[in-house]
Structures are given as C-alpha cells and as structure tokens.
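Structural features, examined
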Amino acid sequence: MIQTNIRKLVQYGLQTGLIEEADKIYTTNRLLELFQLDELEDSEEVSMSVDELEDVLSEMLDYAYEQGILTENGVVYRDLFDTKIMSMLVPRPSEVIRTFHEKYEVSPKEATDYFYKLSQDTDYIRRYRIKKDQKWISATKYGDLDITINLSKPEKDPKAIAAAKNAKQSGYPKCLLCVENEGYAGRVNHPARQNHRIIPVTINGSQWGFQYSPYVYYNEHCIVFNSKHIPMKIEHDTFCKLFDFVKQFPHYFVGSNADLPIVGGSILSHDHFQGGHYEFAMAKAPVERTFCIKGFEDVEAGIVNWPMSVIRISAEDTDRLIALADVILNAWRGYTDEAAFIFAETDGEPHNTITPIARKRGDKFELDLVLRNNITTEEHPLGVYHPHAKLHHIKKENIGLIEVMGLAVLPARLKGEMEQLAEAILAGKDIRKDEVLEKHADWVEEFLPNYKEVNRENIMDILHKEIGDVFMQVLEDAGVYKRTEEGKAAFDRFVAYLNK
C-alpha cells in the first residue's frame, strides 16, 4: 500500500503543478527515503484526485506509525509528519516568489489566484478540514451576518498537551507570524510549516510578508505581517501601509486589529494585518448619517448603519484619507465623554483605539474606522465594550477584526452542544438539569415562546437564527455608542468634537 500511495502522491504533485515531469524521479526518491524504503516496486501507473489527499496521507501516516517511523499516533504528531510528507512536493521559496511576480505582471489577481491555489495544493490550507466548518448566513436588521463554527482546528490529545507542557520553551520562531516559520519542521508546541511559503512585499517602504491563513475563515483570507517581530500599533503609518497594500492588490480589502488588549486580536506582539477577496456585511452596510469635517470638505464622511460604532471616509486621494484618519485617531485617543461612559484613560492606562479597514470601491478608496474602548468594571471585568456575561454561552472571546466586519467565529464546542440542545428541546427535557446545556437555559426560555411550532424539520434553523441574533447582540455590546437615541446623540457629540 505504501508503494501505491507514494506513486499516488507523486501523481498528485504532477496534477496540481507542484512538481513537473522532470521532478518525478527526484520526488519519488525523496519519499522513499522518508519512509525508509530502498526501492520503488514495479507497478502500473496510478491516478489520484485532489479529494483523495486526506485518505492517502492518512494511510501513509498509519504505515509510518506501524513501522516505528512515527513514534506517536496522536493528531499533533500526525500533523507534524504529514506536513513533512507534503514538503517533498513543495517548490522552493525562490521558485514560488518568481512565479508570483511573473503572474503579477499580468495582473495582481492572477498572482493571488496562483498563490492561493498553491497554499491549498501543498496542504498548508487543509481543504478537507475547512470543509468540516459549519457555516450559515443569518439575516439581521444590519444585513446578512456570516456565522461559522470553527471545526478545522483539531483538538489536541492529552499526550500532546502533556508533551507540550514539558517541552523546552523555544524562542524560535518567536511567534506564529514570524518569517522564520517558512519551512520550519515544528514541534509539539508549534505547528510544522515545511509546506508554507511567504511572498515578500514592500509596504510603505518597509519589508513585510504576505501569506494565507491556514484556517481560511473567508475567501482568500490572507495575513500581511511585518518582517520584524514588533508589536502592533495603530498610528499614521498604519493607514499608509493599509492603502499601499490595497493599491498593490486592489481586489483585496485589508484591515488591522486594534492595538489594545480585549479589543485587539489574539497576537498583539507581532504587527500584522488581515485581508482577502471577500465583502463582509459591514462593507455592504450603508452610511446612515453624513457629516463634514472642517478642512476636509473634499472627503465624504459618515456614520455607518452597523451595530458597532463606525466612521466611513471616502475619497479618490488616499493622502487626504490618511490625513483625516490621523485627525480622527488622535481625537479619539484623547476623547472622554463621561455621560456616555467613554474614558480615554484611567489611572494612566489608555482605553481608546481604532480598528481600521481599507478597500477600493470603484475609483475611490474607503476607510472604515471602528471606534474601540477596552475599559473594564467590576460588573464587566472582561470589558464594558465586550460580549456581556449573558452571551458567553455562545461567544466569550475577543471581538477582533473578523468579528467587527460581521463574521462570527464560534468555538467548536457549539456543534455538539447545539445538536444536544435540539434533541433536548424536542424531547421537552429540563435543560437546567443537564451539566453541558444548563448555560443555554435562559437563552432557550427567552426565544422558544416566539415560535408557534418547533419540530425536527425546523429546530436547527431556529437555533441558527437565534445564534445569529446573539452575534448581533455581541456586536452591539462591543459598540461604544449604543443603537439608541442617547447613543446617537453621544456619537454626534464626538463628531462635533472633531470640528472644534
């Protein structure tokens, strides 16, 4: 079987374009060496489709474990080894970069199409795992929100967790975004990246890297990161870099997480952006109130009809957008409105920052500036402008860039919990007596009376709709200005402050 699978994998490399005919014998011999085989037995030619990759790799991993080549058989160890298997087919970085630039000369889209396909064909983006994610659209008064239950990150087995805890702590690579990840073999507490490639890009005169997220939460989900391991910071140069990237890749949007804890992303230690070829609900949301900033009469500005507090500015000249963004950022950093419970700082700790998102729309460039504040209180120790405790049964994690734009990335536990909850509701069980489901009891008691008929045909649709409504509430909680008359008046006070 291993002989057949080696042949199949080589054929896969040829079919996907990872290797050429001239590489066939070389690649075969590298795989023979990896599996400690001396020769390839005579056999008929084999064929292999992309959909077979998971099964072929799984059989190769089983063989490696049976032969003692793979010493542990948990998912972490299997992931480390199958990445090594796939690395035998991946072109060198210089080849990938050269091909990318050749295709960029034709068009930026042709270059990203090539690189995105490569990142999937190499199994850096595991198509077969991404397919397991549960996704649906939830219609709300703000537009269609994207909901996904993330199932593509495999859960570590207890052995791997124990091994990672006892493993020597290494500072190489310093984090998951560092350039040193390219080609890295990995370890129990750091994923293998031998099949990973990075495209160097120059943004605003500095060296950055361009890659795709292995988890692809949306179409062509890319990460653009500083070649140096330096912390995130929202400043003038941030706006310059965002627009420089959009000019180079006008079919992509790009945005940055905020630079403060609670309202920032999961990796604040490494300066990076996220982008992609996708239009989120927030980008589709219209401006509900326009205003003009003194000295920037040539720039369109307004407040977006969105659960969070978003200022959208638009113009053909990015220099004018950057200049106005500087004014808004600097004003917001120092802005306090006690009546609206907005404090620029407490005890010397800054609270106000911005989540910026840039895109090109027609002949104009747009910049969405989402106002953020990370103040905490005894009542809301995780953040006043953070999902409140009553919503934690669905979403407790930070509201980062992706959520801000209208995509809920929900924990894998919800898949099983929603299936169990559906059965419990249909059976009329007391949810409060179930250890796993008890946390959802208040929520169920709140929404269930709204439905005249609940049956096996509609129960999951009901749960999906209600989860979407919870996510809408999560975003409203994260908005510094509430969607009330008082909130609108407070937002208008900040706009007036900009014109002082």
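I will try to describe carefully the structure that is included in this document. Just so we're clear, the structure is a prediction, and the values are computed from it rather than from any experiment. (Residues numbered from 1 in each chain as written. Predicted model: local features only at pLDDT ≥ 70, side-chain atom pairs only at ≥ 80, totals over all residues. Heavy atoms only, no water.)

Moving on, we get to the nonpolar core. Core analysis: the biggest nonpolar cluster contains 97 residues, and Phe-35, Ile-85, Phe-210, Ile-313, Tyr-481 and Phe-494 have the highest contact counts within it. Ranked by the residues each element gives to this core, the list is headed by helix H11 (residues 318–333), at eight residues. If sequence neighbours within four positions are ignored, Ile-313 has contacts with Val-299, Glu-300, Ala-301, Leu-321, Leu-324, Ala-325, Ile-328, Phe-365, Glu-366, Leu-367 and Leu-369. Of all hydrophobic cores here, the second largest spans 51 residues; its members include Ile-357, Leu-391, Ile-394 and Ile-431. (Core = buried A, V, L, I, M, F, W, Y, C linked by side-chain atoms within 4.5 Å. Buried < 20%, exposed > 50% of the residue type's maximum accessible area, 1.4 Å probe, protein only. Helix = DSSP H or I, 4+ residues; strand = E, 2+ residues; numbered from the N terminus. Contact = heavy atoms within 4.5 Å.)

As enumerated under the stated definition, the model contains 37 salt bridges in all. Ionic pairing is found between Lys-233 and Glu-235, a salt bridge with its closest N-O pair at 3.8 Å. By relative accessible area, which is 49% here, Lys-233 ends up partly exposed. A salt bridge links Arg-359 to Glu-366, with the nearest nitrogen and oxygen atoms 2.7 Å apart. With respect to class, Arg-359 is no different from Glu-366; both count as buried. The network of salt bridges with shared partners includes Glu-279, Arg-312, Arg-359, Arg-361, Glu-366 and Asp-368. (Salt bridge = Lys/Arg side-chain N within 4 Å of Asp/Glu carboxyl O.)

To continue, consider the state of the cysteines. Applying the stated criterion across every chain yields a total of zero disulfides. Here Cys-178 is not cross-linked by a disulfide; its sulfur's nearest cysteine counterpart is in Cys-175, at 3.8 Å. For Cys-178, a relative accessible area of 3% translates into the label buried. No disulfide involves Cys-240; its sulfur sits 19 Å from that of Cys-222, the nearest cysteine. On the basis of relative accessible area, Cys-240 is assigned to the buried category, the value being 15%. (Disulfide = S-S within 2.5 Å.)

The next subject is the sheet that holds strand E2 (residues 143–149). Judged by pairing direction, the sheet is mixed, and its three strands sit side by side in the order E1-E2-E15 without closing on themselves. What marks the edges here is a single partner per strand, and that holds for strand E1 (134–140) and strand E15 (407–410). Going from strand to strand, the sheet's axes swing by 20 degrees on average, the running direction of each strand aside. Across four bridges, E2 lies against E15 in parallel orientation. Across the sheet, Thr-148 pairs through a bridge with Val-409, a residue of E15. (Pairing = 2+ DSSP bridges. Axes fitted to C-alpha atoms, helices over the stretch in contact; angles between N-to-C directions.)

It is at 10 Å that the axes of helix H2 (residues 24–34) and helix H4 (residues 75–87) come closest, and there the two elements cross at 155 degrees. Classified by the angle between their axes, H2 and H4 sit roughly antiparallel to one another. The segment H2 lies against H4, with Arg-30, Leu-31 and Leu-34 engaging Phe-81, Lys-84, Ile-85 and Ser-87. Tallied by class, residues from the contact of H2 with H4 come to four nonpolar, one polar and two charged. (Parallel < 35°, antiparallel > 145°, perpendicular 65-115°, else oblique. Nonpolar A, V, L, I, M, F, W, Y, C, P; charged D, E, K, R; others polar.)

Position of Ile-198 among the secondary structure elements: in the loop between helix H8 (158–166) and strand E3 (199–203). If we skip the residues at most four places from it in the chain, Ile-198 touches Ile-97, Phe-115, Val-179, Glu-182, Gly-209, Phe-210, Gln-211 and Phe-225.

Turning our attention to the environment of Leu-14. Among the secondary structure elements, Leu-14 is positioned in helix H1 (residues 2–16). Between the alpha carbons of Leu-14 and Ile-431 there is a distance of 54 Å; along the sequence they are 417 residues apart.

Here the focus is unusual backbone geometry. Between Tyr-172 and the following residue, Pro-173, the backbone shows a cis peptide bond with an omega angle of -15 degrees. Here Pro-173 shows up in the loop between H8 and E3. The phi torsion at Val-216 lies on the positive side, around 40 degrees, for a residue other than glycine. Relative to the assigned elements, Val-216 resides in the loop between strand E4 (206–212) and strand E5 (222–226). Val-216 sits in the buried class, given a relative accessible area of 6%. Positive phi, normally seen in glycine, also occurs at Asp-347, with a value near 55 degrees.

Bringing H1 into the picture now. Residues spaced three or four apart along an α-helix face the same direction, because each turn holds 3.6 residues. The terminal C-alpha atoms of H1, which comprises 15 residues, lie 21 Å apart, in line with the 21 Å expected from a rise of 1.5 Å per residue. For H1, the tally of buried residues reaches 12 of 15 residues, placing the bulk of the element in the interior. Those residues of H1 not exposed but buried are Ile-2, Gln-3, Asn-5, Ile-6, Arg-7, Lys-8, Leu-9, Val-10, Gln-11, Tyr-12, Gly-13 and Thr-16. Looking at the packing, one finds that the buried side of H1 touches H2, helix H3 (53–66), H4, helix H6 (108–121) and helix H7 (127–130). Trailing H1 by a residue or two, Gly-17 shows a phi angle of about 85 degrees, which is positive. (Expected span 1.5 Å × (residues − 1).)

The final tally for this structure, using the stated rule, is 33 aromatic pairs. Judged by centre distance (5.2 Å) and plane angle (80 degrees), the ring pair of Trp-332 and Phe-494 falls under edge-to-face. Placement of Trp-332 in helix H11 and of Phe-494 in helix H16 (residues 485–498) is noted, with a sequence separation of 162 residues between them. Here the aromatic cluster, defined as three or more aromatic residues joined through ring pairs, consists of Phe-100, Tyr-104, Phe-115, Tyr-116, Phe-210, Tyr-212, Phe-245, Phe-249 and Tyr-252. If you follow Lys-360 out to its NZ or CZ, it ends over the ring of Phe-365, 5.4 Å from the centre. (Phe/Tyr/Trp six-rings, centres within 6.5 Å; stacked < 30°, edge-to-face > 60°. Lys NZ or Arg CZ within 6 Å of the ring centre and 35° of its normal.)

Our next topic: the sheet that holds strand E9 (residues 300–304). Sheet architecture is open: 10 strands sit in the order E3-E4-E5-E7-E6-E13-E14-E10-E9-E8, paired in antiparallel fashion. Strand pairing shows two members of the sheet lacking a second neighbour, E3 and strand E8 (287–291), which therefore form its edges. Across the sheet, the mean angle separating the axes of adjacent strands is 25 degrees when strand polarity is ignored. Of the pairings in the sheet, the one linking E5 to strand E7 (residues 272–276) comprises four bridges and is antiparallel in character. Bridge assignment links Val-224 to a residue of E7, and that residue is Phe-273. Running over the sheet, helix H9 (residues 236–248) touches E3, E4, E5, strand E6 (253–255), E7, strand E13 (352–361) and strand E14 (364–373) and is turned about 20 degrees from E13.

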